[in-house]
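Listed here are the chains, written in short residue letters.
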Amino acid sequence: MKSSCCFLLCLTIGSIVSPAISAEWPEWRGKGGLGIVLETGLVSEWNETKNVAWKAAIPGKGWSSPVIEGNLIWMTTAIETAASKEVEAERLKTNTSDQKLTILEKVELRAVAVDRQSGQVKHNVLLLSLKQPQWVHALNSYASPSPVVQDGRLYCHFGALGTACVDTATGKILWTNTELVVMHENGPGSSPVLWQGRLIFHMDGSDQQFVAALEAKTGKVLWKTPRSGKMHDNPQFKKSYGTPIVVSVNGQEQLLSPGSDWLYSYDADGKELWKLEYGDLGFSLTPRPVIGNGMIYLSTGFMKAQLLAIRYEGLKQPEVVWRCTRGVPTMPSPLLAGNEIYFVSDGGILTCLDAVTGEEHYRERLGAECSSSPTVADGHIFVSLRDGTTVVVKAGKTFTIVSRNALPGRIFASLAAAEGAWFLRTDSALYKLAGTK
């Protein structure tokens, strides 16, 4: 059974475009961005005193997920200086939503590196410092996009606040770029991808929406492609926070890019290859698509959240083959493992469907709200919840809880894995979770 599952996972990973990468966990959700861990033997039980190899305090506030190369685990964080009540009130006069927001006088955006073996902080690099930055939603952070690490370079993106590249050996800043600005409304959320020497990311604001690429070596803007699909007239319905994924579609490498109301495909030079309308209003989406079985699976975001299964294999123009409208997340990404697709609603309901037909196998409550994306390893599904609990369930059609693992603090970041250990970030610390020998 495990061998069959592993074979299917390998087929899924095989659809992802992944050049030779030195990093064990180079980006959000690992190689290919699918949330799949192929190694076995990782622990499925822990607490503050059990299976904790070390715990490292992480300064500031940031929801970005860890990335790993060599002996260093990297993440981004923000050091916040709150605005005065008078400044806060004045700035909120321009807010057109009813959301609870964080207003700052100043923010420092940093990259933090932790030694994999000892848990000691090795680098704490100030990348960018901004006065009176855009507000963010109270549930968000100024350092929510996850970085990318490859070949001794760390790429940190903070949406409209800027982008920076760091030499991982020295902690030296190699370049920064603050040219590309949109109004996020809820703060930065889209993580970048690295493809053919380009650092590519979404800039889907309420005022303008485009995809951009920087030259990875220099930080120079290579291209900027506006979204071409017609959207709702309300600016609040145009913003989004999705992350693209690079895949091979019918033998051609493409960037699959979910924006408000439309899924787009681009080539490495930013040329739009095709687009597909969701069919209903979909915006402010955060989940990253996954791919397998000749299909693309994605969540359409707020208002009328749906999970779409989009067949592309053998088709010139992809088409939606089934939809799910119950319990679909607007923040956590779906997870494809074998013949099943799993997703966790923001409210913490885990759903398992047949990935080919969309038939429901189960829908169960996990006990708390969820923002992070699930991960599969060794026949288990790992779901971290905002209350600090990670629920482990058996992969398959039947809902079976293996363990509930509580840590102090809140969890917004997704799990990372390397050399038989989990690396889990809470709102105040990074944990290395591994069995004791």
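Provided above is the structure to which this section pertains.
Because the structure is predicted, anything quoted here is derived from the model rather than measured.

About the thresholds
Residues numbered from 1 in each chain as written. Predicted model: local features only at pLDDT ≥ 70, side-chain atom pairs only at ≥ 80, totals over all residues. Heavy atoms only, no water. Core = buried A, V, L, I, M, F, W, Y, C linked by side-chain atoms within 4.5 Å. Buried < 20%, exposed > 50% of the residue type's maximum accessible area, 1.4 Å probe, protein only. Contact = heavy atoms within 4.5 Å. Helix = DSSP H or I, 4+ residues; strand = E, 2+ residues; numbered from the N terminus. Lys, Arg positive; Asp, Glu negative; His and termini not counted. Salt bridge = Lys/Arg side-chain N within 4 Å of Asp/Glu carboxyl O. Pairing = 2+ DSSP bridges. Axes fitted to C-alpha atoms, helices over the stretch in contact; angles between N-to-C directions. 1 Å grid on protein atoms, 1.4 Å probe; cavity = no way out; pocket = protein on both sides within 12 Å on 5 of 7 lines; lining within 4 Å. Points joined across faces, edges and corners; volume = space filled by probe spheres on them. Nonpolar A, V, L, I, M, F, W, Y, C, P; charged D, E, K, R; others polar. Phe/Tyr/Trp six-rings, centres within 6.5 Å; stacked < 30°, edge-to-face > 60°.

Caption draft 1: Examining the nonpolar core more closely. In terms of nonpolar packing, the biggest core is built from 47 residues, with Ile296, Tyr297, Trp322 and Ile341 touching the most fellow members. Here Trp322 is in contact with Met295, Tyr297, Leu307, Leu308, Ala309, Ile341, Leu353, Asp354, Ala355, Val356, Thr357 and Gly358, once residues within four sequence places are set aside. Of all hydrophobic cores here, the second largest spans 31 residues; its members include Trp25, Ala56, Val392 and Ala421.

Caption draft 2: Fine view of the side chain of Lys61. Following the sequence through the fold, Lys61 ends up in the loop between β2 (52–57) and β3 (67–69). Glu80 provides the closest opposite charge to the buried, salt-bridge-free Lys61, at an N-O distance of 4.3 Å. Non-local contacts of Lys61, meaning those with residues more than four positions away in its chain, are made with Thr77, Ala78, Glu80, Ala138, Asn140, Ser141 and Ala143.

Caption draft 3: Focus on the sheet that holds strand β15 (residues 209–215). Across the sheet, 4 strands lie side by side as β13-β14-β15-β16; this open sheet has antiparallel pairing. Strands with a single pairing partner mark the edges of an open sheet, and in this sheet they are β13 (193–195) and β16 (221–226). Along the sheet, successive strands turn relative to each other by an average axial angle of 25°, direction set aside.

Caption draft 4: Seen up close, the layout of surface pockets. Reported here for the largest pocket is a volume of approximately 730 Å³. If you go around the largest pocket, you meet 33 residues; those closest to its centre are Asn140, Tyr241, Thr286, Phe302 and Met331. Split by residue class, the lining of the largest pocket holds 12 nonpolar, 19 polar and 2 charged.

Caption draft 5: Summary view of the sheet that holds strand β19 (residues 262–266). The 4 strands are arranged β17-β18-β19-β20 in an open sheet whose pairing can be described as antiparallel. Strands at the two margins of the open sheet, each flanked by one partner only, are β17 (245–249) and β20 (272–277). Recorded for the sheet is a direction-independent mean angle of 30° between the axes of neighbouring strands. Where β17 meets strand β18 (residues 252–258), 5 bridges bridge the pair, whose relative direction is antiparallel. When the sheet's bridge partners are listed, Ile245 is paired in β18 with Leu256.

Caption draft 6: Main features of the packing of aromatic side chains. Counting across every chain of the model gives 10 aromatic pairs. Taking 6.4 Å as the distance between ring centres and 45° as the angle between the ring planes, the aromatic pair formed by Tyr155 and Trp175 counts as tilted. Of the two residues, Tyr155 is situated in strand β10 (residues 153–157) and Trp175 in strand β12 (residues 173–177); the sequence distance between them amounts to 20 residues. Between Phe283 and Phe302, the ring centres sit 6.4 Å apart and the planes meet at 40°, which makes this aromatic pair tilted.

Caption draft 7: Fine view of the side chain of Thr300. Following the sequence through the fold, Thr300 ends up in the loop between β23 (295–299) and β24 (302–303). Contact partners of Thr300, with chain neighbours within four places excluded, come to Tyr278, Gly282, Phe283, Leu285, Ala305, Gln306 and Leu308.

Caption draft 8: Representation of the pattern of salt bridges within the structure. Inspection of every chain in the model, using the stated rule, returns 14 salt bridges. Its salt-bridge partner being Glu108, residue Arg110 comes within 3.2 Å of it at the nearest N-O pair. Under the relative-accessibility criterion, Glu108 is labelled buried at 18%. With its nearest N and O atoms 3.4 Å apart, the salt bridge here joins Glu272 to Lys275. Given the relative accessible area of 26%, Glu272 is considered partly exposed.

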